[in-house]
Each structure stands twice: as C-alpha cells, then as structure tokens.
Amino acid sequence: MSGRLLRLVCTAAIAAGTVLAPLPAAAVPEPPEPGGRSVAELLTDLQRLYQEAEQATETYNATEEELKKRRTEVRRLDAELSRARLSLHDSRGAAGRLARQQYQNSTDISPYVRLLLARDPQHALDQGHVIGQLARERAETVGRLTGSEKKADDLAREARKALDGQLTLAARQKKERDAVHKRLKEVEELLASLTAEQLTALAEFEEKGIAKAQDKLITSGALSSEREPSPQGDRALRYAVRQLGKPYEWGAEGPKTYDCSGLTSQAWTHAGTPIPRTSQEQWDRLERIPLDELRPGDLVIYHPDATHVAIYMGEGEVIEAPRPGGKIKISPIASYPILGAVRPKEPTSTAAEPQ
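What comes next concerns the included structure. Just so it is clear, the model here is predicted, and its values are computed rather than measured.

1. Some words on the sheet that holds strand β2 (residues 299-302)
1) Next: Ordered by their spatial adjacency, six strands build an open sheet running β1-β6-β2-β3-β4-β5, and the pairing between neighbours is antiparallel. Sheet topology places β1 (287-289) and β5 (329-332) at the edges, where each strand pairs with a single neighbour. Shown here is a sheet whose adjacent strand axes are inclined to one another by a mean of 40 degrees, direction ignored.

2. Things to note about empty space enclosed by the protein
1) Next: For the coordinates displayed, the defined rule picks out one cavity of 30 Å³ or more.
2) Next: Looking at the largest cavity, its volume works out to about 50 Å³.
3) Next: Around the largest cavity, the lining residues are Tyr50, Ala53, Glu54, Thr57, Leu184, Tyr248, Pro322, Arg323 and Pro324.
4) Next: Element by element, the count of residues in the lining of the largest cavity is highest for helix α2 (residues 39-104), at four residues.

3. Examining unusual backbone geometry
1) Next: For the peptide bond that leads from glycine 254 to proline 255, omega is 0 degrees, which places it in the cis range.
2) Next: As for its placement among the helices and strands, proline 255 is situated in the loop between α6 (231-242) and α7 (260-270).
3) Next: Non-glycine residue histidine 303 carries a positive phi angle of around 70 degrees.
4) Next: Examined against the element boundaries, histidine 303 turns out to sit in the loop between β2 and β3 (308-314).
5) Next: In this structure, alanine 306 takes a positive phi of about 55 degrees despite not being glycine.
6) Next: Mapping alanine 306 onto the fold places it in the loop between β2 and β3.

4. Remarks on the packing of aromatic side chains
1) Next: Per the counting criterion, the structure on display carries one aromatic pair.
2) Next: When the centroid spacing of 5.3 Å and the interplanar angle of 70 degrees are considered together, the rings of tyrosine 302 and tyrosine 336 count as edge-to-face. One end of the pair, tyrosine 302, is in strand β2; the other, tyrosine 336, is in the loop between β5 and β6 (338-343), with 34 residues separating them in the sequence. In terms of burial, tyrosine 302 and tyrosine 336 fall into one category: buried.

5. Some points on the packing of α6 against α7
1) Next: One way to put it is that α6 packs onto α7 with a least axis distance of 8 Å and a crossing angle of 130 degrees. In this view, α6 runs oblique relative to α7, as classed from their interaxial angle. With respect to the hand of their crossing, α6 and α7 are arranged in right-handed fashion. Contacts from Gln232, Gly233, Ala236, Tyr239 and Ala240 in α6 reach Leu263, Gln266, Ala267, Trp268 and His270 in α7.
2) Next: In the contact of α6 with α7, the residues fall into six nonpolar, four polar and no charged.

Criteria and thresholds
Residues numbered from 1 in each chain as written. Predicted model: local features only at pLDDT ≥ 70, side-chain atom pairs only at ≥ 80, totals over all residues. Heavy atoms only, no water. Pairing = 2+ DSSP bridges. Helix = DSSP H or I, 4+ residues; strand = E, 2+ residues; numbered from the N terminus. Axes fitted to C-alpha atoms, helices over the stretch in contact; angles between N-to-C directions. 1 Å grid on protein atoms, 1.4 Å probe; cavity = no way out; pocket = protein on both sides within 12 Å on 5 of 7 lines; lining within 4 Å. Points joined across faces, edges and corners; volume = space filled by probe spheres on them. Phe/Tyr/Trp six-rings, centres within 6.5 Å; stacked < 30°, edge-to-face > 60°. Buried < 20%, exposed > 50% of the residue type's maximum accessible area, 1.4 Å probe, protein only. Parallel < 35°, antiparallel > 145°, perpendicular 65-115°, else oblique. Left-handed = near helix turned anticlockwise from the far one by under 90°. Contact = heavy atoms within 4.5 Å. Nonpolar A, V, L, I, M, F, W, Y, C, P; charged D, E, K, R; others polar.

Have a look at this one:
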C-alpha cells in the first residue's frame, strides 16, 4: 500500500479514538461540490471496494496454495524421473554387456550336437543348465530395459504435464495479483477524493453501524451461550492474541504481517491442527456450527461469498486482520455481515503447544 493511502486511512481512524499522526494538509483535496454522495453512500462504496479487494486476495491465496502443491509435485516427478533415467542407463549398460557376450560366445554348433560330442555328457548337461540360467537372466535384463524405457517415457510425459500446469497457474496468479492491485488502487483513489471531515464522518458512521449491529445480535440471544475453549482452540486463540498490533498485508501468512485467513490458518497450524489457507476453503471444508455454540478459538466467516474470517475470543468479540492499512485487532463480532461459524476438527490427543 502506498504511503498516501496509509496516511488517509490513519486519518479516518482518528474518529474511532485511535491515536495516530494527523494527515498532512497538502494531501487533503478540496471538498466535493454540493449535491455529492452522502456519507452512507461513500461508506457503501468504500466497503464494497474493500470486500472486492479481499475477495481478489482470497482468490489469489487459493491459487498460491494450488501452485505450492504443483511445485511440490513437479519436484517429486523430477526426482523420480532422474532415478528412472539412472535405472535406464544401468539397464542399457547391462543390455550392452549381454550383446557383447552373445557375440563373443556365438558358434555354429547347436547345444544338441555339443551334447552328443561331449566327452562327459553329465558335465555338458550341467553346462546346459548354466546356459539356461544365463538365458533367463538375459531375458530379465531385456525386460528391465524395456520397463525402464517405458517408465522413463511415462514419467517424462507426466513431468511435462505437471510443469505445464504449474506455468498455467503462475500466469493465472499474476492476473489475480493484478486484480488485487487494481482494487486497492480504487480504494486509494476513493479515499484520496475525500476531505479530512468526510473521512472522520465515514469512521464515525461506520462505528455507529457496527455498534447497532452488535447490539442487535447480542439482544437476539444468538451469543447467549458462553463456552470454554478446547485445549487446541485455546492455543490458537493465544497465538492470535500474540499477533495483535501487527500490520495487515494481503497474501501474508506471518510472522510479521497477515491477511485475514493467513492469521486464522497460522493460529490453528501453531495449535497443532493445520486448516485450509483461505476463508472460502475454511467455510467449505470445516465443521459448521451455530452461533449459540461458539467457543473461543472457533472461526467466524463473513460476507455471502466467505471473503473474510476472524477468530472468536468470547464475549461477542473476535480477533481479526481487518483490511489494508489496518492492524490485527479485537473487534465486535458483528463488524461485518456474518455468514456463519466453523470449528476445526481436533485430534483425539493433543501435543505440547508449539513454540
């Protein structure tokens, strides 16, 4: 994020009671003409842009995870192909030695005639047994050579396909990265078009909306049940608490910066239960639970397309990596439209907490 955008976001945070450096006067544009958009409309636009940026970020994260798997597969296939080629080299060497032996031992006399002319027929029969064993070994050598050639060819095709898939994913990832940059640029342009007064009004308006949504959720009784965290849920939560104050950065998984799902996935990984990387995968693949069964350490998923996630800490609050320009913080659970909640499946036995 540019320094200009960060200064503008910081100015908006003053209204929420955060002590930050004031915006330089030179960076404040002229007020808009009468008849411009209302504070509510501006906030709607800003929230839409933030959500689109977060959606683009989660799409990028999903591709990054798939790309990691493809890279691992390409490395595995390359190593296996290297071993197959060594085996093929050895098989070809053995086949070459076999061909030389056959040439050196060639004769026009058949084994039957040799047996008839032999002074010691039993010795000749014994030799015939040895010759038969050698013939079988030669057949096995040829078979190994044929098998090695086929395996090497198959692996070469598979490795080429995996590499092509990796290159396709890398190209897609670049487009998705550009999409994130575009959305963040639109956020920056909108913020840059506002006065300091409008930024303050936006922050106040947003805080009032969150407080109203939080009060409605609490009074509805949806969060009336307070539960103790599981041992691993407690570890995940304590990991998240230790990250408070660290900056949000899209695509980041720590340890210095995080995006929303980077924080939640790392919290549970450090608790001993790896979970999917993105908020959409967390919503799709983890056990869904009703809000009145929430316990600390569970994950709260936001927006209809599951583009934001936070970790529940109890008493109607969550820890989240909010958005560009923000820092990991404690927020009301109703800060965004709630889609639902999920709980990672924990193993039956728990290990010591990772350091």
